[in-house]
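Chain by chain, the residues:
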Amino acid sequence: RAQDVAAGERVFAQCRACHQVGETARNIVGPVLNGLFGRKAGTVEGYSYSPANKNSGLTWDEATFREYIKDPRAKMPGTKMIYAGLKDEQRITDLIAYLKQFDAS
Ligand code: HEM
């Protein structure tokens, strides 16, 4: 099926313990994820990244995000994000659709 924003919001429940999105979002355990796509990794103001994230040289687009979220520590060795990974392609597609709603602000 095509991308499904509502399903993506349900997937994002796994991320909410550590990440916020939307107008009132702030950095908590992890950085704000507004405006993710097109942004260089490790560049949210006021967030204290690991060197691994800050110096990864990645730019977040659909391809890099897909690889990363499947296995964060494989794509970005040394990251302090503790997340086993989301393997399901459809759920990743839905999650991307959800995240794309939130522009940088
Ligand atoms: C970093 C996404 C789950 C904690 C990041 C980054 C992304 C991301 C894209 C890099 C941001 C950047 O470079 O600006 C997600 C998504 C999740 C998820 C989509 C759910 C599917 C989690 C969970 C935790 C977490 C559950 C905490 C247990 C962190 C931390 C960082 C981070 C601490 C900073 C990593 C570092 O500096 O090495 N996350 N995350 N994330 N995330 Fe997550």
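Please refer to the structure placed before this passage.
Residues numbered from 1 in each chain as written. Predicted model: local features only at pLDDT ≥ 70, side-chain atom pairs only at ≥ 80, totals over all residues. Heavy atoms only, no water.

Peer 1: Could you give me a rundown of the packing of aromatic side chains, with the residues and numbers involved?
Peer 2: Tallying each qualifying case throughout the model produces five aromatic pairs. Note on Tyr 47 and Tyr 49: the rings are 4.8 Å apart at their centroids and 75° apart in plane angle, and the pair reads as edge-to-face. Judged by relative accessible area, which is 15%, Tyr 47 ranks as buried. Residues Tyr 98 and Phe 102 carry aromatic rings whose centres are separated by 5.2 Å and whose planes lie at 75° to one another, so their mutual orientation is edge-to-face. Judged on exposure class, the residue Tyr 98 and its partner Phe 102 are both buried. Among the aromatic residues, ring-to-ring pairing joins Phe 12, Tyr 98 and Phe 102 into one connected group. (Phe/Tyr/Trp six-rings, centres within 6.5 Å; stacked < 30°, edge-to-face > 60°. Buried < 20%, exposed > 50% of the residue type's maximum accessible area, 1.4 Å probe, protein only.)

Peer 1: If you had to explain the pattern of salt bridges to someone new, which residues and values would you point to?
Peer 2: Opposite charge on two side chains permits pairing when their charged atoms draw close. Tallying each qualifying case throughout the model produces four salt bridges. Two residues, Arg 66 and Glu 89, come together in a salt bridge whose shortest N-O distance is 2.7 Å. Here Arg 66, found in helix H3 (residues 62-70), pairs with Glu 89, found in helix H5 (residues 89-99); they are 23 residues apart in sequence, far enough to count as distant. Classification of Glu 89 as partly exposed rests on a relative accessible area of 40%. Put simply, Lys 75 and Glu 67 hold a salt bridge, and the shortest N to O gap is 2.5 Å. (Salt bridge = Lys/Arg side-chain N within 4 Å of Asp/Glu carboxyl O. Helix = DSSP H or I, 4+ residues; strand = E, 2+ residues; numbered from the N terminus.)

Peer 1: Could you give me a rundown of the packing of H3 against H5, with the residues and numbers involved?
Peer 2: In contact at an axis separation of 11 Å, H3 and H5 are set at 125° when each is read in the N-to-C sense. It follows that H3 is oblique to H5 by the angle criterion. Relative to H5, the crossing made by H3 is right-handed. On H5, the residues that touch Glu 62, Phe 65, Arg 66, Ile 69 and Lys 70 of H3 are Glu 89, Ile 92, Thr 93, Leu 95, Ile 96 and Leu 99. The class makeup of the residues in the contact of H3 with H5 is six nonpolar, one polar and four charged. (Axes fitted to C-alpha atoms, helices over the stretch in contact; angles between N-to-C directions. Parallel < 35°, antiparallel > 145°, perpendicular 65-115°, else oblique. Left-handed = near helix turned anticlockwise from the far one by under 90°. Contact = heavy atoms within 4.5 Å. Nonpolar A, V, L, I, M, F, W, Y, C, P; charged D, E, K, R; others polar.)

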